[in-house]
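These are the residues of each chain, in order.
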Amino acid sequence: MADIDNKDQAEMDPADMEDVEEVEEEETGEDENSKARQLTVQMMQNPQILAALQERLDGLNGSPSGYMESLPKVVKRRVNALKNLQVKCAHIEAKFYEEVHELERKYAALYQPLFDKRSDIVKAAYEPTDEECEWKMDEEEELTDEMKEKAKLEEEKKDEEKEDPKGIPEFWLTVFKNVDLLSDMLQEHDEPILKHLQDIKVKFSDPGQPMSFTLEFQFEANDFFTNTVLTKTYKMRSEPDETDPFSFDGPEIMCCTGCTIEWTKGKNVTLKTIKKKQKHKGRGTVRTVTKTVPNDSFFNFFTPPEVPENAELDEDSDAVLAADFEIGHFIRERIVPRAVLYFTGEAIEDDDDDYDEEGEEADDEEGEEEADEENDPDYDPKKDAVPPAECKQQ
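Predicted model, so just to flag it, every value in this text is computed and none were measured. Throughout, a residue's number is its position along its own chain's written sequence, starting from 1. Local features in this predicted model are restricted to residues whose pLDDT is 70 or higher, and side-chain atom pairs enter the listing and the counts only when it is 80 or higher, whereas totals over whole chains, interfaces and linings include all residues. With hydrogens and water excluded, all non-hydrogen atoms of the structure serve as input to the side-chain values.

A. View of the overall build of the protein. Helix and strand assignments come from DSSP, with helices taken as H or I runs of at least 4 residues and strands as E runs of at least 2, each series counted from the N terminus. Within the protein one finds 13 helices and six strands. Of all intrachain contacts in the protein linking residues separated by at least 6 positions in sequence, the fraction that spans at least 24 positions is 61%. Accessible surface is estimated by sampling points in the Shrake-Rupley manner with a 1.4 Å probe; for residues, cover comes only from the protein chains shown. Of the roughly 30200 Å² of accessible surface on the protein, a fraction of 49% belongs to carbon and sulfur atoms. Residues are treated as being in contact if the distance between any of their heavy atoms lies within 4.5 Å.

This is the structure we're talking about:
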């Protein structure tokens, strides 16, 4: 992890640490109840919390009802035979996914020339022909001749004002910023580096090797690090767990490994230096302690937590790895194959469309509730009003 540099200072004893006084403001029972109601309202309006509750309720539907215990012994014996058949099905399914992986490897070789040409266009190594640039619009996108002429004049005016750009500037940075899953990882200090990202490739494990895939982030020469390629490898398993074979649902990522980034001196955005002033409790002297600590950055993606072989991860590390696996899978399955659509935003619109109906239904239900309340002669809107949050001085 990060080095710690205490300049000309010795570590302080616990007895020398400054006391920290915490002040908790007393609140009346009425304030507590009011806040509890307000918090409940806010929680029930949060779709993520509602989804988690629904998932929990759905899980209860499959809980044992006692029916199996009531069956005659001879029937239980036959059910056990069915369960053994189910285990065999799980092993066949595992073989199916292994063959799917082989197919992915086969077709990846067919896709690659197209992805290579995409990369050449992005980094200005190849200028597409007029024929290659011709794009037939959908009927909804068709423009009148007047609009086409106006758009052409505006484009020509912009081209005159700006220098001729090479390739497609900031292609991958724009992709990342357009996707919530990736933009949440980006910090402002990451963006100048990602402007140098030229391509992302997916490499599958060789035939006969354990199932895995590697993401290769290819950079042009830059002032931040000397690497031309940063890699992240995900190792997968496609076989039922002997202790819980019925939980098998296809290949799962078991672990991942990053790479060492050779940062230029003073350019490492994954670390930051902080200075703290500490006052000695007894003598009253003040000293300044300089520390190098981890810093939020997209490039922490290349140093994931290590997975111990025979030990469980703590909650934080487990959450980081779960998110890491989701991101790696998303880049492989969605970003690399459809990068141009995430650049233009069209893929994002398609993703958003998946949630439109659900949102409309929720709005309709809310409208029905409001109508019911208005038709209720005993309804008093003042009783449901959420009290304003208190203003507190800091």
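B. Examining helix α10 (residues 315–335) more closely. With 21 residues, α10 ought to run about 30 Å at 1.5 Å a step, and its terminal C-alpha atoms sit 28 Å apart, in line with that. Throughout, exposure labels follow a simple rule: accessible area from a 1.4 Å probe, protein chains only, divided by the maximum for the residue type, with under 20% read as buried, over 50% as exposed, and the rest as partly exposed. For α10, the full list of buried residues reads S317, L321, D324, F325, I327, G328, F330, I331, R332 and I335. A helix's residues, less one, multiplied by 1.5 Å, set its expected span.

C. Up close: the confidence of the model for the protein. Taken residue by residue, the protein gives an average pLDDT of 76. The fraction at 70 or more is 64%. Confidence drops under a pLDDT of 50 for residues 358–362, and excluding neighbours within four residues, the segment shows zero contacts in the predicted structure. The score called pLDDT rates the predictor's confidence residue by residue, from a low of 0 to a high of 100. Low confidence marks residues 385–394, where pLDDT is under 50. Its contacts with residues over four positions away, or in another chain, come to nine contacts.

D. Highlighting the pairing of strand β2 (residues 212–219). In terms of residue burial, β2 counts as a mostly covered element, since eight of its eight residues are buried. Strand pairing requires that DSSP identify at least two bridges connecting the strands. With seven bridges connecting them, strand β1 (residues 197–204) and β2 associate as antiparallel partners. Bridging from a neighbouring strand, K203 pairs with T214 of β2. Pairing geometry for β2 and strand β3 (residues 229–237), over seven bridges, is antiparallel. Note that in β3 the partner of S212 across the bridge is K235.

E. Summary view of the side chain of N295. You can see N295 is positioned in the loop between β6 (286–294) and α10. With relative accessibility at 15%, the residue N295 sits in the buried group. Ignoring any residue separated from it by four or fewer positions in sequence, one finds N295 in contact with H189, V269, T270, L271, K272 and N300.

F. Structural view of the nonpolar core. Within the largest apolar cluster, 48 residues are counted, with the highest numbers of intra-cluster contacts made by F176, F217, F298, F299, F301 and I331. Sorting elements by how many residues they give to this core places α10 first, with six residues. If near-sequence neighbours (up to four positions away) are discounted, F301 is found in contact with M185, L215, F217, K232, Y234, D324, I327 and I331. For the purposes of this section, nonpolar cores are sets of buried Ala, Val, Leu, Ile, Met, Phe, Trp, Tyr and Cys residues that join through side-chain atoms within 4.5 Å.

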